[in-house]
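Geometric and topological summary
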Amino acid sequence: MRTFDVALVGAGGVAGVHADAIRRLGGRARIVAATDVDLRRLAAFGAKWDVSRLHADLPTLLGSEQPDLVTLCTPPGLHRAQAVACLQHGIPVLCEKPPTLSLAELDEIIAAETDRAPFATVFQHRFGSGAVTLRRLVGDPRLGPPLTAVCHTLWYRPDDYFTVPWRGRWEVEGGGPTMGHGIHQMDLLLSILGEWRDVIAVAARQARPTATEDLSCAIVTFANGAVASVVNSLLSPRETSYLRFDFAHATVELEHLYGYHDRDWTVTPAPGHADAVAAAWSEGPKGRKSGHIAQYTAILDALEEGAAPPVTASAARSTVELVAAVYASAFTGQRVARGDIRPGSPFYYRMDGEGAPWTPTPQLPAAA
């Protein structure tokens, strides 16, 4: 089995998550190089994870290394330029969420992709066995058609969370919990229910010292007719990530926080459908927890086969477009259909369009 060489861009907390996942892949991948603007942090990362080839910046890394994959673990405002640079060097990219600050930036990345150098986004919740099972069952007559769904990311972040200069800012983070937190569950929702049709939403800055929202609520209608309520919050002391799918013959629920296992799923059949629903659910895969290990496994499988790694930029675009549509609906008061946000729309270039309907908060820390 081939061992893939991986280079990491960024050496902060999420880079450690990736390094741990790569180490747990049983020799399928190894970190051969890393870069970070903070040289002390970079040195500490190299010592902890036994990475000796450390570079002061991405151009130096790209000029010196030929990895099989570059993983971007940097703030969202850096993703577009870094991704394009790697793709132009012919290197596949795996990028932490959100992949870009806007649809315009994501379309730039899509334009820079080649068969040799594809781009993938970290949406690790797609890859747990429960999600794989449910995706396969959509359309199965034993569950019946999907009718309604719930997608709630109810998290808590105190004021001091936003003292990091790039947090809570449209220009460097792209948005609040809709963009940076709930996007994981929203992506899982879309990966199961498929193409969304339109959305109507509200967003508010209720309490946190940010320029972005700290709460959004949306009603999303899907092409298959299902309707979902989507809530993204950083104000919720009892934290949970909760998804519920009501099919004609069964309710399927998932409750977790930052990752799930099989035990976090609950399947409730409608009267008269217990045996058929139980049989359908039992046919799916079991035992794979969602997370970076699961997605890296799928990525390396694809690269070994010469295929594009999941989740491609085009696949992630539907999720990013829904995020943009939530903001567009919330800030204009209008229902937004898929395809409405295109070149010429202010929400194509920035998630806040021409500006959020509240004034910047004076408590926001100065940008670095």
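Above this text is the structure in question.
As for a nonpolar patch on the surface
There is a patch of nonpolar side chains on the surface, built from Ile200, Ile219 and Val227 and spanning about 200 Å² of accessible area. You can see Val227 is positioned in strand β10 (residues 227–233).

Points about the sheet that holds strand β7 (residues 146–156)
One open sheet holds the eight strands; their spatial order is β13-β12-β11-β7-β10-β9-β8-β14, and the pairing between them is mixed. The strands lining the two open edges of the sheet, one partner per strand, are β13 (265–269) and β14 (336–337). Sheet topology note: the strand β12 (residues 250–256)/β13 ladder contains five bridges and is antiparallel. The partner of Val252 across the bridge, within β13, is Val267. This element, helix α6 (residues 129–137), spans β11 (235–247), β12 and β13 of the sheet and lies at about 35° to β13.

As for the packing of α6 against helix α9 (residues 183–193)
Interaxial distance between α6 and α9 falls to 8 Å at its minimum, and their mutual angle equals 35°. Contact residues: Ala131, Leu134 and Arg135 in α6; Leu188, Ser191 and Ile192 in α9. For the contact of α6 with α9, the per-class residue count stands at four nonpolar, one polar and one charged.

Topic: the pattern of salt bridges
Taken as a whole, this structure holds 24 salt bridges when the rule is applied. Of the charged contacts, one joins Asp36 and Arg41 as a salt bridge, the two residues approaching to 2.9 Å between their closest N and O atoms. Accessibility expressed as a relative area gives 37% for Arg41, which makes it partly exposed. With a closest N to O distance of 3.1 Å, Asp246 and Arg244 form a salt bridge.

Observations concerning the nonpolar core
Core analysis: the biggest nonpolar cluster contains 83 residues, and Leu189 and Val199 have the highest contact counts within it. The element contributing the most residues to this core is helix α12 (residues 313–332), with 12 residues. Contacts of Leu189, omitting those with residues within four sequence positions, involve Ala149, Cys151, Gly194, Phe222, Ala228, Val230, Leu243 and Phe245. In terms of nonpolar packing, the next biggest core, distinct from the first, is built from 25 residues, Leu25, Trp49, Leu69 and Cys73 among them.

Quick word on the state of the cysteines
Counted by the stated rule, this structure contains zero disulfides. Sulfur of Cys73: no disulfide; nearest cysteine sulfur belongs to Cys95 and is 8.7 Å away. Unpaired in terms of disulfides, Cys86 finds its nearest cysteine sulfur in Cys95, a separation of 9.6 Å. You can call Cys86 buried: its relative accessible area is 0%.

Details of the sheet that holds strand β2 (residues 29–35)
Strand order in the open sheet made by the six strands is β3-β2-β1-β4-β5-β6, with parallel pairing throughout. Lying at the two open borders of the sheet, with one neighbouring strand each, are β3 (54–55) and β6 (119–121).

Some words on the pairing of β12
A large share of β12 lies buried, amounting to six of its seven residues. Pairing between β11 and β12: six bridges, direction antiparallel. Bridge pairing in β12 links Arg244 to Glu253.

Quick word on unusual backbone geometry
Residue Pro98 is bonded to the preceding Lys97 through a cis peptide linkage, with omega at -20°. Among the structural elements, Pro98 can be located in the loop between β5 (93–95) and α5 (103–112). Phi is positive for Asp50, which is not a glycine, with a value near 60°. Its location among the elements puts Asp50 in the loop between α2 (39–49) and β3.

What counts and how
- Residues numbered from 1 in each chain as written.
- Predicted model: local features only at pLDDT ≥ 70, side-chain atom pairs only at ≥ 80, totals over all residues.
- Heavy atoms only, no water.
- Patch = residues over 30% accessible without salt bridge, like charges linked within 9 Å, V, L, I, M, F, W, Y side chains within 5 Å.
- Areas by Shrake-Rupley, 256 points an atom, 1.4 Å probe, with all protein chains shown as cover.
- Salt bridge = Lys/Arg side-chain N within 4 Å of Asp/Glu carboxyl O.
- Helix = DSSP H or I, 4+ residues; strand = E, 2+ residues; numbered from the N terminus.
- Pairing = 2+ DSSP bridges.
- Contact = heavy atoms within 4.5 Å.
- Axes fitted to C-alpha atoms, helices over the stretch in contact; angles between N-to-C directions.
- Nonpolar A, V, L, I, M, F, W, Y, C, P; charged D, E, K, R; others polar.
- Buried < 20%, exposed > 50% of the residue type's maximum accessible area, 1.4 Å probe, protein only.
- Core = buried A, V, L, I, M, F, W, Y, C linked by side-chain atoms within 4.5 Å.
- Disulfide = S-S within 2.5 Å.

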